[in-house]
Amino acid sequence: MNVKKGLMMKHPTIGAVLFDLDGVLANTAEYHYRAWKRLADEEGLRFTRSDNERLRGVSRRESLRRLLSGKLVSEAKAQEMMDRKNSYYREFIRGISTDDLLPGVQELLRECRQQGLKIAVVSASRNAQEVVERLDLMKHIDALADGHSVVHHKPAPDLFLHAAHLLNTPQENCLVVEDASAGIDAARAAGAWTVGIGPIRRVGRADAIFPDLSKVRLADILNGVRRRALWLIEERTFESETQHHKETIFNIGNGYLGTRGTFEEGHPDQHQATLVHGIFDDVPLALSELVNAPDWLCLEVWAGEERFAMDSSDIREYYRRLDLRAAVLERRVRWLLSSGESLELLFERWASLADPHQMIVRLRIRSI
Ligand code: B16
Ligand code: MG
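What you are looking at is a predicted structure, and each value in this text was computed from that prediction instead of being measured. (Residues numbered from 1 in each chain as written. Chains lettered and ligands numbered in written order. Predicted model: local features only at pLDDT ≥ 70, side-chain atom pairs only at ≥ 80, totals over all residues. Heavy atoms only, no water.)

Draft legend 1. Structural context of the coordination of the magnesium ion (ligand 2). Every protein donor of the magnesium ion (ligand 2) is listed here as Asp20 (OD), Asp22 (O) and Asp179 (OD), and their distances to the metal cover 2.1 to 2.2 Å. In primary sequence terms, the donor set of the magnesium ion (ligand 2) follows D-x1-D-x156-D. Taken as a pair, aspartate 22 in the loop between β3 (16-19) and α1 (28-43) and aspartate 179 in the loop between β6 (174-178) and α8 (181-190) lie far apart in primary sequence, 157 residues in all. You'll find aspartate 22 and aspartate 179 in the same group, each marked buried. (Donors = N, O, S within 2.8 Å, 3.2 Å for Na, K, Ca; no water. Helix = DSSP H or I, 4+ residues; strand = E, 2+ residues; numbered from the N terminus. Buried < 20%, exposed > 50% of the residue type's maximum accessible area, 1.4 Å probe, protein only.)

Draft legend 2. Highlighting the sheet that holds strand β5 (residues 143-145). Taken together, the six strands give an open sheet; going across it, the order is β5-β4-β3-β6-β7-β8, and neighbouring strands pair in parallel fashion. Pairing within the sheet leaves two strands with one partner each, and these edge strands are β5 and β8 (208-210). On average, adjacent strands in this sheet sit at an angle of 20° to one another, irrespective of strand direction. (Pairing = 2+ DSSP bridges. Axes fitted to C-alpha atoms, helices over the stretch in contact; angles between N-to-C directions.)

Draft legend 3. A look at the packing of aromatic side chains. Per the counting criterion, the structure on display carries six aromatic pairs. Here the aromatic rings of phenylalanine 308 and tryptophan 335 are separated by 5.3 Å at their centres, their planes lie at 50°, and the arrangement is tilted. Of this pair, phenylalanine 308 sits in the loop between β15 (306-307) and β16 (314-323) while tryptophan 335 is found in strand β17 (residues 328-336), placing the two residues 27 residues apart along the sequence. Given a relative accessible area of 0%, phenylalanine 308 falls into the buried group. The buried category is assigned to tryptophan 335, whose relative accessible area is 1%. Members of the aromatic cluster, joined through ring pairs, are Phe238, Phe263 and Tyr318. Positioned above the aromatic ring of phenylalanine 347 is the side chain of arginine 331, whose terminal nitrogen or guanidinium carbon lies 4.0 Å from the ring centre. (Phe/Tyr/Trp six-rings, centres within 6.5 Å; stacked < 30°, edge-to-face > 60°. Lys NZ or Arg CZ within 6 Å of the ring centre and 35° of its normal.)

Structural data, given as structure tokens:
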């Protein structure tokens, strides 16, 4: 449904499903854990199953960094440890077959095919190709994106963007099935729909969540995502002339404080306003109105000598959405600097319900 030109409540059209491998299609996440555990025991490092949750979905090097939790080792030692863990992991995968596919996977793949959806396996693992072959999955998929495909790994969006490109499907028409928190973040950053497999504490940011795939049909997944879409208002193109109207739509508040959806860095003609419930400006001969509280948003972003601004910077990608369920306003922008480098800016804003006196802005900046 079009609410206003350039502003939509989404009705997702899914053209492709991007399956994570370890922990979604096969129980190889368990083998990663056992391999790291063996290494940790040999090195006298404390490592439990609950510590392992932080390693899910992230690259081998990042996994080692998290395992070491601050302990410094030389590059040669780090390399040796990663190689050792990988050799243990490879001992496990040598014996896998189609019997190691997780319950429900074959049926779901078949349904995706029958519905004409494209299918990719998207894994941070450099062993993914071998695992996919041993699981006899090659004939079911159209593309494989793995640990060799990109430089930046999950939670960076690159691997999913790469897979969407391989499938020739826009990322907003892709649905990612993931078991890792880093994977959900990566898929969301890519602009794809997300299905989380596992406990809420791990995959709670996904659009739809299931404990496992054993009884999940494709219709359950698509219905879950459609229900979720009803909570989202999004804007994919930036139009300066409609911003004033959209400031009202992208307002956030908690019943005590409220702030219009203006930009943190400012914008010509924007009407910044933060209103406090019950505090009025009582002007004689005029209407009583809520008083405008000081501007708490103002946030200047500089890269060297260049200042970020929607009206004057070279903006290559723009996406804004109000998530009415989580009550979070997000804006993602790719800013091309005059040096040719690109920065991704991810703004998030919300009003606390726990403490009604607090409103929060978080800005994450990444070189891409
Ligand atoms: P490798 P996924 C990820 O695979 C695993 O979840 C993670 O535990 C592992 O560290 C990573 O692959 C790299 O794997 O050491 O074999 O290159 O979940 O993205 O399919
Ligand atoms: Mg995984």
